[in-house]
Amino acid sequence: MRLIDLHTHTTLSDGTDPPAEVVRRAARLGLAAVAITDHDTADGLPEALAEGRDLDLEVVPGVELGVEVGLKRSAHLVGLWLDPTEPRLAESLVWAQGARRRRNLAMIRRLAELGWPLDLERLNARAAGGLGRPHLAAALVEAGAAKSQSEAFARFLAVDAPGFVPKERLGSAEAIGLLRGAGAVPVLAHPGILGLGWAALDELLGRLRAQGLEGLEAYYGEADWPRQQRLITMAAKHGLAVSGGSDFHGAAKPGVLLGFGGGTLRVPASLLPGLRARRQRAPGEPAEPI
Ligand code: AMP
Ligand code: ZN
Ligand code: FE
Ligand code: FE
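Quick caveat: nothing in here was measured; it's all calculated off a predicted structure.

Metal coordination angles have textbook ideals: 109.5 degrees for a tetrahedral set of four donors and 90 or 180 degrees for an octahedral set of six. With distances of 2.0 to 2.2 Å, the protein atoms coordinating the iron ion (ligand 4) are His-7 (NE2), His-9 (NE2), Glu-64 (OE) and Asp-247 (OD). Around the iron ion (ligand 4) sit four donor atoms; with metal-centred angles ranging over 82 to 169 degrees, the donor geometry is irregular. Sequence spacing of the donors to the iron ion (ligand 4): H-x1-H-x54-E-x182-D. Between the iron ion (ligand 4) and the zinc ion (ligand 2) there is a metal-metal distance of 4.5 Å. Judged by its relative accessible area of 0%, His-7 is buried.

Laid out in structure tokens, this is it:
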């Protein structure tokens, strides 16, 4: 069975491998396709796509956006096969990067109040562009505030922890519209992070589907096989295509392997046609009919 990975991060957000290296790793593993889905940025895509062409590996250009769905936590949308030059999406990514910067500053201020002043310049030096909570976690560990990144999250950075500041986020309808407008297939990623029961997730999927959602990540590391099966059934019920990915972050999440998640993840390449069929237009086709 050929395998794919449709959810990965690079140094352009909070991963530790540059885009070309993620693609090379995917090629070494023999994956049939890999999507690059950095948080709030498409800046890693040209490098990844070029490497994919060199290695004859399908690279799916993507992005991951945290969006408002009326819950304390953000839902994460992965947009697959997007056109990063589409102006409205490009503008929204610039806005999202600004929201991220404002939020980082507020969290750094909060952490200083809690007795852990961090140096913004040093933080920026460790992040190529997309500074985020994992970088703050690493800095807190270095400063001695926590023994591990997961402890740093639990004590300071998680949604309920004292250092947390929410990020301004797009509404789900708006984000889905932006992704669709850029030709992308909008997919709800790792639904488990929302902490919902099955009935609430079912209701949310109905709502997001009505807003134009096209796919559900049913194969992901934290979902065991029975849960994956249940998500596949739920995707079918809502007319959603099934996607899957590891959420690879390189050494930032050493327990998450490209293609294989925690070790047992297998995302079949047979998902690709169903997902591709949801693309909003063929490659090269203009955004507006002429
Ligand atoms: P941000 O986009 O800056 O809010 O950071 C999100 C990143 O933090 C994602 O890559 C998450 O996987 C990671 N993250 C969120 N919660 C935790 C946690 N409790 N432990 C470790 N990493 C986390
Ligand atoms: Zn991340
Ligand atoms: Fe995510
Ligand atoms: Fe992710």
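There is more to say, and it comes next.
Another point: the packing of helix H5 (residues 133-143) against helix H6 (residues 149-157). Contact geometry of H5 with H6 gives a least axis separation of 9 Å together with a crossing angle of 105 degrees. What the angle tells us is that H5 and H6 run roughly perpendicular. Here Arg-133, Pro-134, Leu-136, Ala-137, Ala-138, Leu-140 and Val-141 of H5 come into contact with H6, specifically with Gln-149, Ala-152, Phe-153, Phe-156 and Leu-157. Classifying every residue of the contact of H5 with H6 gives 10 nonpolar, one polar and one charged.

Each protein donor to the zinc ion (ligand 2) is listed here as Asp-14 (OD), Asp-14 (OD), His-39 (NE2) and His-249 (NE2); together their distances run 1.9 to 2.5 Å. Summarised as a motif, the one-chain spacing of the donors to the zinc ion (ligand 2) is D-x24-H-x209-H. Between the zinc ion (ligand 2) and the iron ion (ligand 3), a separation of 5.9 Å is found. Of the two residues, Asp-14 sits in the loop between strand E1 (4-5) and helix H1 (19-29) while His-249 sits in the loop between strand E8 (241-245) and helix H10 (272-276), which places them 235 residues apart along the sequence.

Another aspect to go through is the pattern of salt bridges. As enumerated under the stated definition, the model contains 17 salt bridges in all. Across the pair Glu-58 and Arg-276 runs a salt bridge, and its minimum N-O distance is 2.8 Å. Of this pair, Glu-58 sits in strand E3 (residues 58-68) while Arg-276 is found in helix H10, placing the two residues 218 residues apart along the sequence. Overall, the relative accessible area of 33% leaves Arg-276 in the partly exposed class. Linking Arg-102 and Glu-168 is a salt bridge whose minimum nitrogen-to-oxygen distance equals 2.7 Å. Linking Arg-102 in helix H3 (residues 87-113) with Glu-168 in the loop between H6 and strand E5 (170-171), this pair joins segments that are 66 residues apart in sequence. Judged by relative accessible area, Arg-102 falls into the partly exposed class, the value being 42%. In this structure Glu-168 comes out as partly exposed when scored by relative accessible area, which is 40%.

Moving on, we come to the side chain of Ser-13. By the element assignment, Ser-13 lies in the loop between E1 and H1. Of the residues examined, Ser-13 reaches a relative accessible area of 2% and is grouped as buried. A distance of 3.4 Å separates a polar side-chain atom of Ser-13 from the backbone nitrogen of His-39. Excluding residues that lie within four positions of it along the chain, Ser-13 makes contacts with Asp-38, His-39, Gly-130 and His-135.

By size, the foremost hydrophobic cluster in this structure holds 66 residues, and its most contacted members are Ile-4, Leu-80 and Leu-188. In terms of residue count, the dominant contributor to this core is E3 (five residues).

Here the focus is the pairing of strand E7 (residues 215-220). The side chains of a regular strand alternate between both faces of the sheet. Burial runs high along E7: six of the six residues are buried. By the bridge criterion, two bridges tie strand E6 (residues 185-188) to E7 in an arrangement that is parallel. Each residue of the ladder has a partner; that of Val-187, found in E7, is Gly-215. For the crossover from E6 across helix H8 (residues 198-210) to E7, the handedness is right-handed. Relative to E8, E7 runs parallel, the two being bridged by five bridges.

Rules of the game
Residues numbered from 1 in each chain as written. Chains lettered and ligands numbered in written order. Predicted model: local features only at pLDDT ≥ 70, side-chain atom pairs only at ≥ 80, totals over all residues. Heavy atoms only, no water. Donors = N, O, S within 2.8 Å, 3.2 Å for Na, K, Ca; no water. Tetrahedral: all angles 85-135°; square planar, octahedral: opposite > 155°, others 65-115°. Buried < 20%, exposed > 50% of the residue type's maximum accessible area, 1.4 Å probe, protein only. Axes fitted to C-alpha atoms, helices over the stretch in contact; angles between N-to-C directions. Helix = DSSP H or I, 4+ residues; strand = E, 2+ residues; numbered from the N terminus. Parallel < 35°, antiparallel > 145°, perpendicular 65-115°, else oblique. Contact = heavy atoms within 4.5 Å. Nonpolar A, V, L, I, M, F, W, Y, C, P; charged D, E, K, R; others polar. Salt bridge = Lys/Arg side-chain N within 4 Å of Asp/Glu carboxyl O. Polar contact = N/O pair within 3.5 Å; in protein donor to acceptor, adjacent residues only side chain to side chain. Core = buried A, V, L, I, M, F, W, Y, C linked by side-chain atoms within 4.5 Å. Pairing = 2+ DSSP bridges. Right-handed = clockwise from strand over helix to strand, strands pointing away.

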